Amino acid sequence: MELAKRRGFIWPSFEIYGGVAGFYDFGPLGALLKNKIIQKWREFYVVREGFFEIDSPSIVPEEVLKASGHVEHFVDAMVECQKCGAAFRVADLAREQAGKDIEGMTKEEMDRFVKGHKVRCPDCGGELGKIFDFNAMFRTAIGPGSQRVGYLRPETAQGIFIDFKRLQRHARGKLPFGVVQIGKGYRNEISPRQGIIRLREFTMAEAEVFFDPGDPHHPRFSELAGEQLRLWLAKDQEEGKEQLTEVTVEQAVKAKLVCNELMAYYLALTKRFLLDLGIPNEVIRFREQTPGQRAHYSSETWDAEVLTERFGWVEIAGLAYRTDYDLSRHAQFSGEDLTIFSADKKRKVLCHVVEPSYGIDRPLYCALEHAYVQEKKRKYFRLRKELAPIEVGIFPLLNRVGMPEKAQEVYGNLKLKGFMAEYDDAGSIGRRYARADEIGVPYCVTIDHETLKQNDVTIRHRDTTKQIRVDIEKLPDVLKKLLNDEIEFDKAGKPIETTSK
Ligand SMILES: [Zn+2]
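Residues numbered from 1 in each chain as written. Predicted model: local features only at pLDDT ≥ 70, side-chain atom pairs only at ≥ 80, totals over all residues. Heavy atoms only, no water.

Chemist: Honestly, the packing of helix α2 (residues 28-48) against helix α13 (residues 361-371) in this entry has me stumped. Any pointers?
Modeler: Helix packing for two helices is described by the angle between their axes and how far apart those axes are. For the pair α2 and α13, interaxial distance at closest approach is 10 Å and the crossing angle is 110°. Overall, the two elements α2 and α13 adopt an arrangement that is roughly perpendicular. Of α13, the residues touching α2 (which contributes G30, L33, K34 and I37) are D361, L364 and L368. In the contact of α2 with α13, the residues fall into four nonpolar, one polar and two charged. (Axes fitted to C-alpha atoms, helices over the stretch in contact; angles between N-to-C directions. Helix = DSSP H or I, 4+ residues; strand = E, 2+ residues; numbered from the N terminus. Parallel < 35°, antiparallel > 145°, perpendicular 65-115°, else oblique. Contact = heavy atoms within 4.5 Å. Nonpolar A, V, L, I, M, F, W, Y, C, P; charged D, E, K, R; others polar.)

Right, here's the structure in full:
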C-alpha cells in the first residue's frame, strides 16, 4: 500500500481536506491498471460470452428500487453507543467480540445476543442502545424541491432488468442471453475501515444471464466442464468446518452442489478471470453464502474469494441465482408483461437469472498484492504483462553526446505505434531501472554509446534483469512479440552480459 500510494496507483480521496473513509482515488497508474482490468473483464463477458453491454444512469428513481426490494431490504441492523454516539453494524461487533455470525437474525434475536454476550462499543467501551435499521443507499432528490426521490444505484443490475423488453428484442428472443453493465455503484457503508476493500463508491462489472427456467444449460458448457473448483459449502460453514470440497464443474452440477449448469459454468469463468489477473490458484475459493447471508433476491449465492496478506479472505465477485425475482417484481410494479416465448414457442416464460457480479477495485488490489515481490534490495510488481500500466520504459544512458535525442526519437516512434511508453532521464540508470520495477514495467530500453555507432538498443527484462540487444528498426516488432508472449526473451535478440542492474 505504501508503494501503491507513493507511485500513484491509489490514494485516499479528498486528502487535503482530511480525507473521507470509504473513498479512494486511482492515480495515473491506478487508472490505467483499472482500465486494463475492465478491458480484461470485457474480453471474458462481452467478447467471449457474446453478452450485450449497456450503460444506464447511476441515479435511479425510487419506484425502481422499491420494486427491486432495495428500499425495504438494503438495510443493516445498527446500534449506537450510548456514551460516545458512534454507530456500528451489529453483525460486525458480534463477529469481532463474540466470534459469531449473526447475519440473518431478527432484530429481537440480535438485541438478546448483544445483551447476552455483553457486546460493547469498540471505541469507548460504552453500553449500546437499541438496534435500528439503516438503509445503505445514498438518497437524493431529482429536480428542485423534493417531489421526486432518487438514490445512487446500489448495483448496476437494475438498469438491465428494467430494459428487459428492449434487450430481449435485441437478442431476437434467443435464450439464454446475457447483458452486462460496468459502472459505479454506491453503498453508504457505516464505518469502512478496510481501505480500498470497503468503498462507498466503487466500480462494478455485472452480468445478468437470462434463461428459461426449464432449460438452464450453457451452450458451451463442455469447454469448462473439467475445470477444478474449490468450494466451501454452506453446510460445512454452519458446522464450523474449514474444509473445502474439490470437484470439477461437471461433478458440482451432477452432485447438486451448485444449482445448475449456468451457475457452475460462471464459477469456472470467474476462476479463469482471476487467474488471468495473476492471482494464484491456491488462494482462490468459492464460498457458498448461508441462507442468512444471502441478499433478498437470491436463492443461492457463491462468493469468489481471494486470500490476501493484508485483509485475509476478500470477496471479489458474488454469483447469485436471482431466479425470476427481479423480472416478476418489475412486472408487478410497472404493470408491464415481461414474459417471453420459450425456445419451442409453446410456452410463455418469465426468465430466470444467474448473475456474476464483480467489484473491480478489489481484484485490482489483489492483483497488486499478489504481484508484489521483495528480493534483497529489489522490490517490484511482477504484474502480468497485459496488465502493466506502462509497457516499456525508454532511458538514455547519459544526458549528453546525442543520447537524449536518439532516445526521444525511439520514444516518439513507440508511442506512434501504440505502446504505452515512459521516458525517464533522471538519476543513474540503476535508479531508473528500480523506479520502473516499482511500477511493474515489463521491459526497459536503454540508448547508449553503442546505439550511436550501430543503431541498436538494450532491452532489459523486469523479472530476470537479463538484457538483450536489438536493432532499432526491429524494436517495435520485438516488443510487441515479447508483450504478447510470442517469443522468448533470450531468443528475441543478442543476449549480453550485464554489468549493472
Ligand atoms: Zn462509544
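Chemist: What's the story with the pairing of strand β14 (residues 284-288) in this structure? I'm lost.
Modeler: Regular strands place side chains that alternate from one sheet face to the opposite one. In terms of burial, β14 is a largely internal element, five of the five residues being buried. Note: strand β12 (residues 228-232) against β14, two bridges, orientation parallel. Among the inter-strand pairings, W232 is bridged to a residue of β14, identified as R287. Bridge count between β14 and strand β15 (residues 300-308): five bridges; the pairing is antiparallel. Residue pairing for β15: I284 is matched across the bridge by V306. (Buried < 20%, exposed > 50% of the residue type's maximum accessible area, 1.4 Å probe, protein only. Pairing = 2+ DSSP bridges.)

Chemist: Sorry if this is basic, but what is going on with the coordination of the zinc ion here?
Modeler: Where a metal carries four tetrahedral donors, each ideal angle is 109.5 degrees; where it carries six octahedral donors, the ideal angles are 90 or 180 degrees. Around the zinc ion, the protein supplies C81 (SG), C84 (SG), C121 (SG) and C124 (SG) as donor atoms, at distances of 2.3 Å. Given four donor atoms and angles of 100 to 115° at the metal, the environment of the zinc ion is assigned as tetrahedral. As a motif over one chain, the donors of the zinc ion read C-x2-C-x36-C-x2-C. Note that C84 is positioned in the loop between β5 (75-80) and β6 (87-89) and C121 in the loop between α6 (107-116) and β7 (132-135), a separation of 37 residues in sequence. (Donors = N, O, S within 2.8 Å, 3.2 Å for Na, K, Ca; no water. Tetrahedral: all angles 85-135°; square planar, octahedral: opposite > 155°, others 65-115°.)

Chemist: Would you mind showing me how to read α13 here?
Modeler: Helical geometry: 3.6 residues make up each α-helical turn, so side chains three or four residues apart lie on a common side. Along α13, 10 of the 11 residues are buried, which leaves the element largely enclosed by surrounding structure. Along α13, the residues classified as buried are D361, R362, P363, L364, Y365, C366, A367, L368, E369 and A371.

Chemist: Help me out: how do you make sense of the sheet that holds strand β23 (residues 421-423) in this one?
Modeler: Sheet strands line up and pair through hydrogen bonds in the backbone, either parallel or antiparallel. Strands sit in the order β23-β22-β24-β25-β26-β27 across an open sheet of six strands; the sheet is mixed. Of all the strands in the sheet, the pair left with one neighbour each is β23 and β27 (494-496). Between one strand axis and the next, the sheet turns through 30° on average, direction left out of account. With four bridges connecting them, strand β24 (residues 443-447) and strand β25 (residues 456-461) associate as antiparallel partners. Paired with C444 across the two strands is R460, which belongs to β25. Helix-sheet contacts for helix α14 (residues 403-416) involve β22 (392-396), β23 and β24, and the interaxial angle to β22 is about 160°.

Chemist: Explanation requested: the nonpolar core in the structure shown.
Modeler: The nonpolar side chains of soluble globular proteins are, as a tendency, buried together. Counting residues in hydrophobic clusters, the biggest one holds 79 residues, and the most contacted among them are F9, W41, Y45, L231, Y266 and L274. Of the domains in this structure, domain 1 (2-71 + 137-370) and domain 3 (390-496) are the two that each give at least three residues to this core. Excluding residues within four positions of it along the chain, L274 makes contact with I279, I284, A304, V306 and I316. Ranked by size, the runner-up nonpolar core spans 25 residues in total, among them A421, I468, F489 and A492. (Core = buried A, V, L, I, M, F, W, Y, C linked by side-chain atoms within 4.5 Å. Domains from an automatic or database assignment.)

Chemist: Honestly, the environment of V445 in this entry has me stumped. Any pointers?
Modeler: Assignment of secondary structure puts V445 in strand β24. Classification of V445 as buried rests on a relative accessible area of 0%. The spatial distance from the C-alpha of V445 to the C-alpha of F9 is 23 Å, given a sequence separation of 436 residues. Sequence-distant contacts of V445, that is, excluding residues within four places in its chain, are made with V392, G393, I394, F395, V457, T458, I459, L475 and L479.

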